[in-house]
Amino acid sequence: MKLILVAVGTRMPSWVDTAFDDFAKRMPRELPLQLVEIKAEPRTTGKTVEAMMALEAARIEAALPPRCRRVILDERGEDLTTKALAKRLERWQDGGDDIAIVVGGPDGLDPALKASAHETMRLSSLTLPHALVRVMLAEALYRAWSLSKNHPYHRE
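Residues numbered from 1 in each chain as written. Predicted model: local features only at pLDDT ≥ 70, side-chain atom pairs only at ≥ 80, totals over all residues. Heavy atoms only, no water.

1. Notes on the sheet that holds strand β1 (residues 3-8)
Backbone hydrogen bonds are what pair the strands of a sheet, in a parallel or an antiparallel way.
So, step 1. The strand order across the open sheet built from 5 strands is β2-β1-β4-β3-β5, with neighbouring strands paired in parallel fashion. Each edge of the sheet is formed by a strand with only one pairing partner; in this case those strands are β2 (33-38) and β5 (119-122). Here the average twist between neighbouring strands, direction ignored, is 30°.
So, step 2. Of the strand pairs in this sheet, strand β3 (residues 68-79) and strand β4 (residues 98-103) are connected by 5 bridges, and their pairing is parallel. In the strand pairing of β4, Arg70 is matched with Ala100.
So, step 3. Helix α3 (residues 82-95) rests against β1, β3, β4 and β5 of the sheet, and its axis sits at about 155° to β5. (Pairing = 2+ DSSP bridges. Helix = DSSP H or I, 4+ residues; strand = E, 2+ residues; numbered from the N terminus. Axes fitted to C-alpha atoms, helices over the stretch in contact; angles between N-to-C directions. Contact = heavy atoms within 4.5 Å.)

Shown next as structure tokens:
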């Protein structure tokens, strides 16, 4: 099983790539974390927001593995504690399918793509920069894994 972070946006600051890679490298061999960057639709073309989100959704769909569990990050999604995420991660592993966690672009995700999700969760009630979301999600996944394995990284 793989964890695949599918995120709209490319050319992040180097600190984002460094931090994400650090947590991705900490993940165990049986649960690798991979980043797939999706090109954002240019916001200067005069297209409607709906058209831009639809084009980004098509790119996301093309990047998703044929058989995966889709988890959408959305501000209205389920709010999970670290313990709840650890239990969710264990359940995902028991299921065996790859997990694609999808992060939208500046305008969010296309409604049809959201409707195709198996789960919707939120990372925070705060509005976060997309670059920071990658790092926070990678850390949260590593922390959840470490908790489920009684690794000393997570402390109560």
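This is not the end of the story, as more comes after the structure.
2. Focus: the packing of helix α1 (residues 14-26) against helix α5 (residues 130-148)
The geometry of a pair of packed helices is captured by two quantities: the angle between their axes and the separation between those axes.
So, step 1. Closest axis-to-axis distance for the α1/α5 pair is 9 Å, and the angle between their directions is 15°. If you check the angle between α1 and α5, you find them roughly parallel. α5 is crossed by α1, and the crossing has left-handed handedness. Contacts between α1 and α5 involve Trp15, Val16, Ala19, Phe20, Phe23 and Arg26 from the former and Ala131, Leu132, Arg134, Val135, Ala138, Glu139 and Tyr142 from the latter.
So, step 2. Of the residues belonging to the contact of α1 with α5, the class tally is 10 nonpolar, no polar and 3 charged. (Parallel < 35°, antiparallel > 145°, perpendicular 65-115°, else oblique. Left-handed = near helix turned anticlockwise from the far one by under 90°. Nonpolar A, V, L, I, M, F, W, Y, C, P; charged D, E, K, R; others polar.)

3. So, the pairing of β4
So, step 1. Burial of β4 is extensive: 6 of the 6 residues sit out of reach of the surface.
So, step 2. In terms of strand pairing, β1 meets β4 through 5 bridges, oriented parallel. Its bridge partner lying in β4, Ile4 is registered against Ala100.
So, step 3. Tracing the backbone out of β3, into α3 and back to the parallel element β4 gives a crossover that is right-handed. (Buried < 20%, exposed > 50% of the residue type's maximum accessible area, 1.4 Å probe, protein only. Right-handed = clockwise from strand over helix to strand, strands pointing away.)

4. A few points about the pattern of salt bridges
So, step 1. Scanning the model with the defined rule gives 17 salt bridges in all.
So, step 2. A salt bridge links Arg76 to Asp74; the nearest nitrogen and oxygen atoms lie 3.8 Å apart.
So, step 3. Here the residues in one salt-bridge network are Arg69, Glu78, Arg88, Arg91 and Glu119, joined through shared partners. (Salt bridge = Lys/Arg side-chain N within 4 Å of Asp/Glu carboxyl O.)

5. Examining the nonpolar core
So, step 1. One finds Leu3, Leu33 and Ile101 to be the most contacted residues of the largest nonpolar core, which totals 29 residues.
So, step 2. Looking at this core, the elements that each hand over two or more residues are β1, α1, β3, α3, β4 and α5.
So, step 3. Looking at which element gives the most residues to this core, the answer is α5, with 8 residues.
So, step 4. Apart from residues lying up to four places away in sequence, Ile101 is in contact with Ile4, Leu5, Val6, Val71, Leu73, Leu137 and Leu141.
So, step 5. Among the nonpolar cores identified, the runner-up in size contains 15 residues, and Ile4, Ile60, Val102 and Leu109 belong to it. (Core = buried A, V, L, I, M, F, W, Y, C linked by side-chain atoms within 4.5 Å.)

6. Considering α1
So, step 1. Compared with the 18 Å implied by 1.5 Å per residue over 13 residues, the 19 Å span of α1 between its first and last C-alpha is a close match.
So, step 2. Restricting attention to buried positions, one finds in α1 the residues Val16, Ala19, Phe20, Phe23 and Ala24. Axial view of α1: buried residues confined to an arc of 135°, hence all on one face. Opposite the packed face of α1, turned more than 90 degrees from it, sit the exposed residues Ser14, Thr18 and Lys25.
So, step 3. Packed against the buried residues of α1 are β1, β2 and α5. (Expected span 1.5 Å × (residues − 1). Arc of directions from axis to C-beta.)

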